[in-house]
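# Per-entry structural report
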Amino acid sequence: MSEVTDLLTALRTGSMTLEQVAGRFRRLHWRHPAPPRAPALADPEPPLPDSFEEVVMAYARHELTDEQYETLLHAATNGAEPG
């Protein structure tokens, strides 16, 4: 499992609040997946651990509300600390 998966699980189970998870998202070093090899020809790759793909997939599975997704997206993209 990845830290992102663990944080999403904590949010879903209520052991962390949305604000706590967003705070951790701001401090994460996000991994960036490689571009797809050939569209629609290859089997889809599993989400890269510790990438925002994990959040997108959780949202697609309806494990996150619109508000949660938007908050986490903002935290991951605008709240990152330089470093």
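It should be emphasised that the depicted structure is a prediction, and the values quoted were computed from it without experimental measurement. (Residues numbered from 1 in each chain as written. Predicted model: local features only at pLDDT ≥ 70, side-chain atom pairs only at ≥ 80, totals over all residues. Heavy atoms only, no water.)

## Details of the side chain of Ser51
Operational definition: Helical segments are the DSSP runs of H or I of at least four residues, strand segments are the runs of E of at least two, and each set is numbered from the N terminus. Polar contact criterion, stated in full: a pair of N or O atoms within 3.5 Å, where within protein one must be able to donate a hydrogen and the other to accept it, and residues adjacent in sequence count only if both atoms are side-chain atoms. Two residues form a contact once any of their heavy atoms are found within 4.5 Å.
For Ser51, the location among the structural elements is in the loop between α2 (18-27) and α3 (53-60). Here Leu48 takes part through its backbone oxygen, which lies 2.7 Å from a polar atom of the side chain of Ser51. For Ser51, the contacting residues outside a window of four places in its chain are Val4, Trp30, Arg31 and Pro33.

## Points about helix α1 (residues 3-13)
This is how the line gets drawn: Think of it in three bands: residues with accessible area under 20% of the maximum for their type are buried, residues over 50% are exposed, and the middle band is partly exposed, with areas taken using a 1.4 Å probe on protein chains only. Arc definition: it is the arc formed by the directions from the helix axis to the C-beta atoms.
Those residues of α1 that fall on the buried side of the exposure criterion are Val4, Leu7, Leu8, Ala10 and Leu11. When α1 is viewed along its axis, its buried side chains cluster within an angular range of 160 degrees and face the same direction. Elements that come into contact with the buried residues of α1 comprise α2, α3 and α4 (66-78). Following α1 by one or two positions, Gly14 has its phi on the positive side, about 90 degrees.

## Things to note about the packing of α1 against α3
Just so we agree on the cut-off: Helix axes are fitted only over the stretch in contact, all axes being lines through C-alpha atoms; the angle between N-to-C directions runs from 0 to 180 degrees. Crossings are classed by handedness, with left-handed meaning an anticlockwise turn of the near helix from the far one by less than a right angle and right-handed meaning a clockwise turn. Residue classes follow a fixed rule: Ala, Val, Leu, Ile, Met, Phe, Trp, Tyr, Cys and Pro count as nonpolar, while Asp, Glu, Lys and Arg count as charged, and any other residue, Gly among them, counts as polar.
Running from amino to carboxyl end, α1 crosses α3 at an angle of 35 degrees, the nearest separation of the two axes being 9 Å. By crossing handedness, the relation of α1 to α3 is classed as right-handed. Touching Val4, Thr5 and Leu8 of α1 are Glu54, Val55 and Ala58, all from α3. Among the residues making up the contact of α1 with α3, the classes are represented as 4 nonpolar, 1 polar and 1 charged.

## Some words on the packing of aromatic side chains
For the record, the criterion: In this analysis, rings of Phe, Tyr and Trp, with Trp reduced to its six-membered ring, are considered paired at centre separations within 6.5 Å, and the interplanar angle assigns stacked below 30 degrees, edge-to-face beyond 60, and tilted for intermediate values.
Across all of its chains, the model carries 4 aromatic pairs by this definition. With a centroid separation of 5.7 Å and 65 degrees between ring planes, the pair formed by Trp30 and Phe52 is classed as edge-to-face. Here the residue Trp30 occupies a position in the loop between α2 and α3, and Phe52 occupies one in the loop between α2 and α3, the gap between them amounting to 22 residues. When its relative accessible area of 11% is taken as the criterion, Trp30 is described as buried. Note on Phe52 and Tyr69: the rings are 5.9 Å apart at their centroids and 55 degrees apart in plane angle, and the pair reads as tilted. One end of the pair, Phe52, is in the loop between α2 and α3; the other, Tyr69, is in helix α4, and 17 residues separate them in sequence. These aromatic residues form a ring-pair network of at least three members: Phe25, Trp30, Phe52, Tyr59 and Tyr69.

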